[in-house]
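Descriptive analysis of the structure
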Amino acid sequence: GFCIKTRTSKNAKIFINICKSNQIPAPPDLTEQELVNILESDDPSGYRVPMSLGEPHVEVDNSGSGCTAYDIVINSTFFGKITNNEVFREFFITVAMEGLENKYEMELSREWRMLKNRKFMGSIFDQNIRTKSKPMIQEMDAKPSQFTSSKSLISEVESSPVKPDYTIVAEPPEGHPSFLVAEICLPKVVRPHKCGS
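In this report, we go over the structure that sits alongside the text. Here the structure is a predicted model, which is why all the values come from computation and not from measurement.

1. Focus: the pattern of salt bridges
Summed over all chains, the structure comprises 3 salt bridges. Here K81 makes a salt bridge to D29, at a shortest N to O gap of 2.5 Å. Within this pair, whereas K81 is found in helix α2 (residues 76-84), its partner D29 is found in the loop between β2 (13-21) and α1 (32-39), the two being separated by 52 residues in sequence. Exposure remark for D29: the relative accessible area of 68% places this residue in the exposed category. As a salt-bridge pair, E101 and R110 come within 3.0 Å of each other at their nearest N and O atoms.

2. Quick look at the side chain of D71
With respect to the helices, strands and loops of the structure, D71 is situated in strand β5 (residues 66-75). Despite its burial, D71 remains without a salt bridge, the nearest opposite charge being carried by R118 at 11 Å. Polar side-chain contacts of D71 include one of 2.8 Å to the side chain of N17. Side-chain polar atoms of D71 contact the side chain of H57, separated by 3.1 Å.

3. Regarding α2
Burial in α2 covers these residues: F78, F79 and I82. Down the axis, α2 shows its buried residues gathered within 105° of arc, on one side only. Facing away from the buried side of α2 by over 90 degrees, the exposed positions are T77 and N84. Lining the buried residues of α2 we find β1 (2-7), β2, β5 and α3 (86-104). Near the N-terminus of α2, the side chain that reaches the backbone nitrogen of T77, with its oxygen 2.8 Å away, is that of N75.

4. Details of the nonpolar core
Judged by nonpolar contacts, the single largest core of 25 residues is most densely connected at I18, I72, I82 and F92. Put simply, the parts of the chain that give this core at least two residues each are β1, β2, β5, α2 and α3. Here the element with the most residues in this core is α3; it accounts for 7 residues. Not counting residues up to four positions away in its chain, the partners in contact with I18 are G1, F2, I72, I74, F79, I82 and F92. Listed in part, the 6 residues of the second largest apolar core include C3, A69, L115 and M121.

The rules behind the values
- Residues numbered from 1 in each chain as written.
- Predicted model: local features only at pLDDT ≥ 70, side-chain atom pairs only at ≥ 80, totals over all residues.
- Heavy atoms only, no water.
- Salt bridge = Lys/Arg side-chain N within 4 Å of Asp/Glu carboxyl O.
- Helix = DSSP H or I, 4+ residues; strand = E, 2+ residues; numbered from the N terminus.
- Buried < 20%, exposed > 50% of the residue type's maximum accessible area, 1.4 Å probe, protein only.
- Lys, Arg positive; Asp, Glu negative; His and termini not counted.
- Polar contact = N/O pair within 3.5 Å; in protein donor to acceptor, adjacent residues only side chain to side chain.
- Arc of directions from axis to C-beta.
- Contact = heavy atoms within 4.5 Å.
- Core = buried A, V, L, I, M, F, W, Y, C linked by side-chain atoms within 4.5 Å.

Pasting the structure below:
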């Protein structure tokens, strides 16, 4: 996508990498005039842009100074719209900055500039995108008589969450610890990548 540069209220350099993915849903498709009408209405929060805000990562800028970068992922089609339309771009960057401010409790300057010679700062990190989850309780079409077998009841019980066994050890064991080491037993986890979700 593209990268913008701004600063915090404490004058720290911030880079925001705007990335695109079809995994993010698109916001409602509006014309420029429809967007302006919403923004001038009594409830401008009526138009929402789905986005994924990544964790901050420390990077080094061209002058060799430390800085912080954030990755924001939006829908690919909507990315095309903000690339080609200045009103949508200004609106999106304002919303994105507000999202970062709320999530990370900081204040960003609204004076920003788009980098011309680079599309991102640092490395782009993978993000887990939350999809709409199924409700915990669902209405079933099956007749009650189909659920009388003990096998069905056992499989339901086995799929419920189990509190894992764990131990926490302080290092060093004497005095004020420098760090804690946790050992957690997860017998039902078959592959390690299941732990991150």
